[in-house]
Amino acid sequence: MGSNKALRILLLLGLFVAVCGAALFLGRYPAPGFLPPFALRDDPIARAVVFGSRMPRILGAVLIGASLGGAGAAFQLVFANPLVEPGFLGVSQGAAFGAALSMILGAGLGPLTALSAFVFALIALLISSILARKFRYGGSVLRLVLAGISVSAVFSAGIAIIKYTADPLSQLPDITYWTLGGLSGLNWTSFRLLAPSVIVSLLLLLLLRRRIDLLSLDDEVARSLGARPEAERAFILASAALGVAASVAASGVVSWAGLVVPHVARAIVGADARASVPVSMILGALFLVVCDAAARTMFAGELPLGATVSALGAFVFVGFLASGRTRIIR
Amino acid sequence: MNAFRLASVSYRYRVADRCAVDEVSLNLSVGMIEVVVGANGSGKSTLLGLASGRLRPASGTARIGEAEIARLSPFNRAARIAVLPQAERVAFDFSCLDFVLFARAHKRSPFAAPGAEDFRAARSALETLGVEALAERPVTELSGGELQLVRLARCVAQEASLLVLDEPTAMLDPAHSSAVARAVRVIAESGKAVLLATHDLAFAAAVADRALVLRQGRAVAEDEPSRAFDLGILEKAFGVAFESRLAPMPVNLLNK
């Protein structure tokens, strides 16, 4: 990695730390805006707000953003397609179905719902990979895409049926709110549930990023360079999906971050996964902390995080496609 | 020294009514360049697939040194055989240097970063192909000819003892074809064996030490190019009459 790239990564890390620090003090207590740091010494409520409420939420946003950004970069490289996002193998819709199912069974918005979302995200991923092996159409990448689309559609139908049968007063609002995506439910308990899977997933992706590079080449080339494309791709997808499933379970469906962030990362440090995967993680974390801070600060009532991320993400994405900085081949 | 050997190898695709490659044998020594020519569908790509280990022979053996190619792990195969497929899609704008560095993956643990030795080998491979000036350029911005030279540099950086090249001059202009020819000779002289398929008979005659002419999976000739490219043999292989005429050729190709 050149010193120029290293400097950019350092600057980005500095910005990331500064933004996280600022977000801790930004909010609507005691008034909209920044909380003066000395208030932590004198005001027990300020301490509770900062350390009990904002800190787990910001750390959660960091993990979820890093997971979506890193998984997005890994997915795009191993599928050699910059239009792929981490939810496309059915992971997001599977998780949303799991959460909706748990809520209609009376679990409400809590750890049990998060667990159900996680389990169904992995089930969706598993079905997608099994279906991809059974399909007799297209190459390995196309088969996975088709399997992912089919599985997502089935789980979306499941969500629709659950919503249709849900109690419109007690259950439907919870389900709808959850599928919009948000971090207001994140506290230290849900953070502890989220952290292990995401951290394992991030570490695996960081360790395997040189293999991710090889898989971005044609399979025949990757094989001639010593890779086992099918097996390695499956392992990397499972590693990435582990973090994404835990993230979706904690925050609901936050789309666009995993699609857009890797494009920005590649514009900053180039395509090579050695730099683009870790930078996608940092940028994803930064992006989510900013979007969440905006979602919880701008108005007295919270905006859904999924909406702020999608709106901002779509603007960036359109900008990239219009600028011609992205090539789409497969 | 014998580098690569096919002993009466055959291969048949699942739905085919005949063998795509039928009892073909050849020996390649260190420093030798062998071309495979033949009509479309004559079995060139299948033969290259058997040499690269992508396909496993139905009968006969394909060996690199003493090792049977089909039994080698992908990692060990990458250490011995470098492959240049005919076409390749590159979806992301890696720098040429990073692109060539991918060839070094088999030299280190899956988790290790490329070291000084890898960077040296990658830069020296780019120099061998005369494209060191492209090192920092994104591969997606190269012309077809430049990309082909950078892909060949990746094969060189792999430091394998056998290079399997599928139509390395397809769609290249005369200048880039002769650059590829020069590079292939330099590669062979550095102690590698080269097996390449081509439709460009002038290029084949200019670059190769041996030529294998295939027709419907069978060898109709395996000899020095001057003898293998006999007009009668070529007519049999391609199904059209041939005639020798002098066409303009880059000087580089003529000076074997």
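Just so it is clear, the structure is predicted and the values come from calculations on it, not from any experiment. (Residues numbered from 1 in each chain as written. Chains lettered and ligands numbered in written order. Predicted model: local features only at pLDDT ≥ 70, side-chain atom pairs only at ≥ 80, totals over all residues.)

**Some words on the overall build of chain B**
The test is simple: Secondary structure elements are taken from DSSP: a helix is a run of H or I of four residues or more, a strand is a run of E of two residues or more, and numbering for both begins at the N terminus. Here the globule rule reads 2.2 Å times residues to the power 0.38, and the radius of gyration is calculated from C-alpha atoms. Three classes are used. A residue is buried when 20 or more other C-beta atoms lie within 10 Å of its own, exposed when 12 or fewer do, and partly exposed in between, with C-beta atoms placed from the backbone. With C-beta atoms placed from the backbone, a contact is any residue pair whose C-beta atoms sit within 7 Å.
From N to C terminus, chain B includes 10 helices and 10 strands. What you see for chain B is a C-alpha radius of gyration of 18 Å, in line with the 18 Å of a compact globule of 256 residues. Taking the principal axes of the C-alpha coordinates as reference, chain B spans close to 50 × 45 × 35 Å. Expressed as a percentage of the 256 residues in chain B, the buried residues total 49%. Across chain B, contacts joining residues at least 24 apart in sequence account for 68% of those joining residues at least 6 apart.

**Quick notes on the overall build of chain A**
Broken down by element type, chain A carries 14 helices and two strands. Computed over its C-alpha atoms, the radius of gyration of chain A comes to 20 Å, within 12% of the 20 Å expected for a compact globule of 330 residues. Taking the contacts inside chain A whose residues are at least 6 apart along the sequence as the reference set, 76% of them involve residues at least 24 apart.

**Quick word on helix α14 (residues 305-323) of chain A**
Residues and elements named next belong to chain A. Operational definition: Multiplying one less than the number of residues by 1.5 Å gives the expected span of a helix.
For α14, with 19 residues, the first-to-last C-alpha span of 27 Å sits near the 27 Å given by 1.5 Å per residue. Turning to α14, its buried residues are Leu305, Gly306, Thr308, Val309, Ser310 and Gly313. For α14, the secondary structure elements touched by its buried residues are α7 (172-180), α11 (229-251), α12 (257-269) and α13 (273-297). Where α14 terminates, the next one or two residues include Gly324, which has phi positive at roughly 75°.

**Here's the deal with the packing of helix α4 (residues 91-104) of chain A against helix α5 (residues 111-134) of chain A**
Residues and elements named next belong to chain A. The following threshold applies: Lines fitted to the C-alpha atoms define the axes, with helices restricted to the stretch that makes contact. Angles between their N-to-C directions range from 0 to 180 degrees. By the definition adopted for this analysis, an angle is roughly parallel if under 35 degrees, roughly antiparallel if over 145, roughly perpendicular if from 65 to 115, and oblique otherwise. Left-handed describes a crossing whose near helix is turned anticlockwise from the far helix by less than a right angle; the clockwise case is right-handed. Gly is put with the polar residues, along with every residue not named as nonpolar or charged; the nonpolar set is Ala, Val, Leu, Ile, Met, Phe, Trp, Tyr, Cys and Pro, and the charged set is Asp, Glu, Lys and Arg.
One way to put it is that α4 packs onto α5 with a least axis distance of 7 Å and a crossing angle of 140°. Looking at the two axes, α4 sits oblique to α5. The chirality of how α4 crosses α5 is right-handed. Across from Val91, Gln93, Gly94, Ala95, Phe97, Gly98, Ala99, Leu101, Ser102 and Met103 in α4, the residues of α5 making contact are Leu112, Thr113, Ser116, Ala117, Phe118, Val119, Phe120, Ala121, Ile123, Ala124 and Leu125. Partitioned by chemical class, the residues of the contact of α4 with α5 number 15 nonpolar, six polar and no charged.

**So, the interface of chain A and chain B**
Contacts between the two partners involve 27 residues from chain A, matched on the other side by 24 residues from chain B. At the level of secondary structure, the elements contributing two or more residues to the side of chain A that touches chain B comprise α9 (209-215) and α10 (219-224) of chain A. Its residues placed into classes, the side of chain A that touches chain B shows 11 nonpolar, five polar and 11 charged.

**Comments concerning unusual backbone geometry**
The linkage connecting Tyr29 of chain A with the following residue, Pro30 of chain A, adopts the cis geometry, with an omega of -10°. Of note, the phi angle at Ala80 of chain A is positive, near 50°, even though the residue is not glycine. Assignment of secondary structure puts Ala80 of chain A in the loop between α3 (44-78) and α4. The backbone of Met171 of chain B shows a phi angle near 65°, a positive value even though the residue is not glycine. Tracing the sequence through the fold places Met171 of chain B in the loop between β7 (162-166) and α6 (174-189).

**Description of the sheet that holds strand β5 (residues 67-68) of chain B**
Residues and elements named next belong to chain B. The test is simple: Two strands form a pair only when DSSP identifies at least two bridges running between them.
A sheet is described by the order of its strands in space; here four strands give the open sequence β2-β1-β4-β5, paired in antiparallel fashion. Looking at the sheet topology across the chains shown, the edges are occupied by β2 (21-29) and β5. Here strand β1 (residues 2-11) pairs with β2 via six bridges, running antiparallel. What sits directly across from Val9, in β2, is Val24. Against the sheet, helix α1 (residues 44-52) engages β1, β2 and β4 (59-64), with an angle of about 125° to β1.

**What about the confidence of the model for chain A?**
Which entries qualify depends on this criterion: One confidence number per residue, pLDDT, is output by the predictor and ranges from 0 to 100.
Residue-level pLDDT values for chain A average 89, and 97% of them are 70 or greater. The weakest mean pLDDT in chain A belongs to α7 of chain A at 83; the strongest belongs to α13 of chain A at 95.

**As for the nonpolar core**
Here is the rule we go by: Think of a nonpolar core as buried Ala, Val, Leu, Ile, Met, Phe, Trp, Tyr and Cys residues chained together by C-beta atoms that fall within 7 Å.
Core analysis: the biggest nonpolar cluster contains 186 residues, and Ala74, Ala95, Ala121 and Ala245 of chain A together with Val100, Ala153 and Leu195 of chain B have the highest contact counts within it. Aside from chain neighbours lying at most four places away, what touches Ala245 of chain A is Val91, Ala95, Phe118, Ala121 and Leu122 of chain A.

**Thoughts on α13 of chain A**
For α13 of chain A, which comprises 25 residues, the first-to-last C-alpha distance of 35 Å matches the rise-based estimate of 36 Å (1.5 Å per residue) to within 8%. Within α13 of chain A, 22 of the 25 residues are buried, leaving the element largely enclosed by the surrounding structure.

**Considerations on the packing of α5 of chain A against α11 of chain A**
Residues and elements named next belong to chain A. Interaxial distance between α5 and α11 falls to 8 Å at its minimum, and their mutual angle equals 150°. Classified by the interaxial angle, the pair formed by α5 and α11 is roughly antiparallel. Crossing angle aside, the handedness with which α5 passes α11 is right-handed. Seen from α5, the contacting residues are Ala114, Ala117, Phe118, Ala121, Leu122, Leu125 and Ser129; seen from α11, they are Ala234, Ala241, Ala245, Ala246, Val248, Ala249 and Ala250.

**Examining the confidence of the model for chain B**
Averaged over chain B, the pLDDT score is 92; the fraction of residues at 70 or greater is 98%. Model confidence for the complex: the whole-complex pTM is 0.88, and ipTM, which rates the interface, is 0.90.

**Focus on the pairing of strand β6 (residues 81-84) of chain B**
All names here are of chain B. Residue alternation in β6 divides its side chains into two sets, Ile81 and Val83 and Ala82 and Leu84, and both sets are buried. The sheet contact formed by β6 and β7 spans four bridges and is parallel. When the sheet's bridge partners are listed, Val83 is paired in β7 with Val164.

**Observations concerning the sheet that holds strand β8 (residues 193-197) of chain B**
All names here are of chain B. With respect to topology, six strands assemble into an open sheet ordered β6-β7-β8-β3-β9-β10, the strand pairing being mixed. With one partner strand each, in any of the chains shown, β6 and β10 (218-223) form the two edges of the open sheet. Within this sheet the neighbouring strands show an average axis-to-axis angle of 15°, counted without direction. As paired strands, β7 and β8 are joined by five bridges and run parallel to one another.

**A word on the environment of Phe120 of chain A**
Within the secondary structure layout, Phe120 of chain A lies in helix α5. Take Phe120 of chain A: there are 27 C-beta atoms within 10 Å of it, and that puts it in the buried class.

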